[in-house]
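Spelled out from the first residue to the last, the chains are:
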Amino acid sequence: MTMSQPTETRRGPEPPDISEKGGIKAGQPQRADTRLFMQFLAFGGCADSAPLAAALTNAAVASVLYEDLNDPRGVALVTFSEDPAFLLDRLRPLLNQPPFASLTQKPEYTMVGRTYSLGYEPDLIDVLLHRPRRTVLNPDWKWSVWYPLRRNGRFAQLPPEEQRVILAEHGAIGMSYGAADLAHDIRLACHGLDKDDNDFVIGLIGKDLYPLSSIVQTMRKTQQTSLYLDRLGPFFVGRAVWQSPL
């Protein structure tokens, strides 16, 4: 008599956990599956930004319109939504109509990314959804510097403890500028979203231009910037000429 062998049940791979995670709040770890997608587009050929601002007002598109410091006919547009389909369903038709349709896009400045968590945020939803909006739409913070960056592979190979030390050095500088109301940042992850394979998009926002230049200069001395970056920029420098209401 042949005895039947027990059937071995094979388990497939566990699904990845792609939720954002924050610190403990009300005794419970925070988790979220929503993020803010933000896009930066730059254009040339704009002699008058007023018609663009009027079009954005009429369309009720959450956005910021900048005039380019380095191009007398240059402008840039930052838009954002929790739903990335907004960029195609709402924004794309707007940009293919007057007055935007007559402008010349500058693809080298195109940036898109998503808000993300570091794992210890005291208010996760605020960090992911609300603080970026407050920062970019603050009527007192008109000046901005936007740029992408890419880390090199050596950083990813470092032990997590070393990564945390390097990032803490960078973060401490940013927090000191923020506490003094000199510069406030937008940090976006763009892995797989960026046409040039960058890792992050950074927006530096503030009342005055000089502190934004100062923080970039100070950050150059950190380990992350001096040792572990492959690319930085191009840099867009501008001042908000129109912001949607917060």
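Preceding this paragraph is the structure being described.
Structure report, in brief. Nothing here was measured: the structure is a model prediction, and the numbers come from that model.

**Describing the packing of helix α5 (residues 160-179) against helix α6 (residues 210-219)**
Step number 1: For the pair α5 and α6, interaxial distance at closest approach is 10 Å and the crossing angle is 160°. Considering the angle they form, α5 stands roughly antiparallel to α6. Where α5 crosses over α6, the two elements pack in a sense that is right-handed. Taking contact as the criterion, the partners of His170, Ile173, Gly174 and Tyr177 in α5 are, on α6, Pro211, Ser214, Ile215, Thr218 and Met219.
Step number 2: Looking at the contact of α5 with α6 residue by residue, the class counts come to five nonpolar, four polar and no charged.

**Considering α5**
Step number 1: A rise of 1.5 Å per residue sets the reference length of α5, with its 20 residues, at 28 Å; its end C-alpha atoms lie 27 Å apart and thus fit the reference within 8%.
Step number 2: Three or more residues of α5 are buried, namely Gln163, Ile166, His170, Ile173 and Tyr177.
Step number 3: Buried residues along α5 sit in contact with α4 (153-156), α6 and α7 (223-228).

**Describing unusual backbone geometry**
Step number 1: With an omega dihedral of 0°, the bond running from Pro98 to Pro99 counts as a cis peptide bond.
Step number 2: Backbone torsion omega between Gly233 and Pro234 reads 10°, so that peptide bond is classified as cis.
Step number 3: With respect to the helices and strands, Pro234 occurs in the loop between β11 (229-232) and β12 (236-243).
Step number 4: The phi torsion at Ala26 lies on the positive side, around 55°, for a residue other than glycine.
Step number 5: Along the chain, Ala26 turns up in the loop between β1 (20-25) and β2 (28-32).
Step number 6: Not every positive phi belongs to a glycine, and Ala60 is a case in point at roughly 55°.
Step number 7: Of note, Ala60 is situated in the loop between α1 (50-59) and β4 (63-68).

**Re the packing of aromatic side chains**
Step number 1: As enumerated under the stated definition, the model contains eight aromatic pairs in all.
Step number 2: Relative to Phe236, the ring of Phe40 lies with its centre 5.0 Å away and its plane at 65°, an arrangement referred to as edge-to-face. Of the two residues, Phe40 sits in strand β3 (residues 37-44) while Phe236 sits in strand β12, which places them 196 residues apart along the sequence.
Step number 3: Owing to a relative accessible area of 1%, Phe40 belongs among the buried residues under this scheme.
Step number 4: Geometrically, the ring pair formed by Phe155 and Tyr228 is edge-to-face, given 5.8 Å between the ring centres and 65° between the ring planes.

**Describing the nonpolar core**
Step number 1: The biggest cluster of nonpolar side chains holds 26 residues, and the ones touching the most others in it are Met38, Phe40, Tyr66, Val78, Phe80, Val136 and Trp146.
Step number 2: Mapped onto this core, the elements with two or more residues apiece are β3, β4, β5 (75-81), α3 (124-137), β9 (184-189), β10 (200-206) and β12.
Step number 3: Leave out the neighbours within four places in its chain, and Val78 touches Met38, Gln39, Phe40, Ala62, Ser63, Val64, Tyr66, Val136 and Trp146.
Step number 4: Core analysis: the second largest hydrophobic core is formed by 20 residues, Leu41, Phe43, Leu52 and Phe86 among them.

What counts as what
Residues numbered from 1 in each chain as written. Predicted model: local features only at pLDDT ≥ 70, side-chain atom pairs only at ≥ 80, totals over all residues. Heavy atoms only, no water. Axes fitted to C-alpha atoms, helices over the stretch in contact; angles between N-to-C directions. Helix = DSSP H or I, 4+ residues; strand = E, 2+ residues; numbered from the N terminus. Parallel < 35°, antiparallel > 145°, perpendicular 65-115°, else oblique. Left-handed = near helix turned anticlockwise from the far one by under 90°. Contact = heavy atoms within 4.5 Å. Nonpolar A, V, L, I, M, F, W, Y, C, P; charged D, E, K, R; others polar. Expected span 1.5 Å × (residues − 1). Buried < 20%, exposed > 50% of the residue type's maximum accessible area, 1.4 Å probe, protein only. Phe/Tyr/Trp six-rings, centres within 6.5 Å; stacked < 30°, edge-to-face > 60°. Core = buried A, V, L, I, M, F, W, Y, C linked by side-chain atoms within 4.5 Å.

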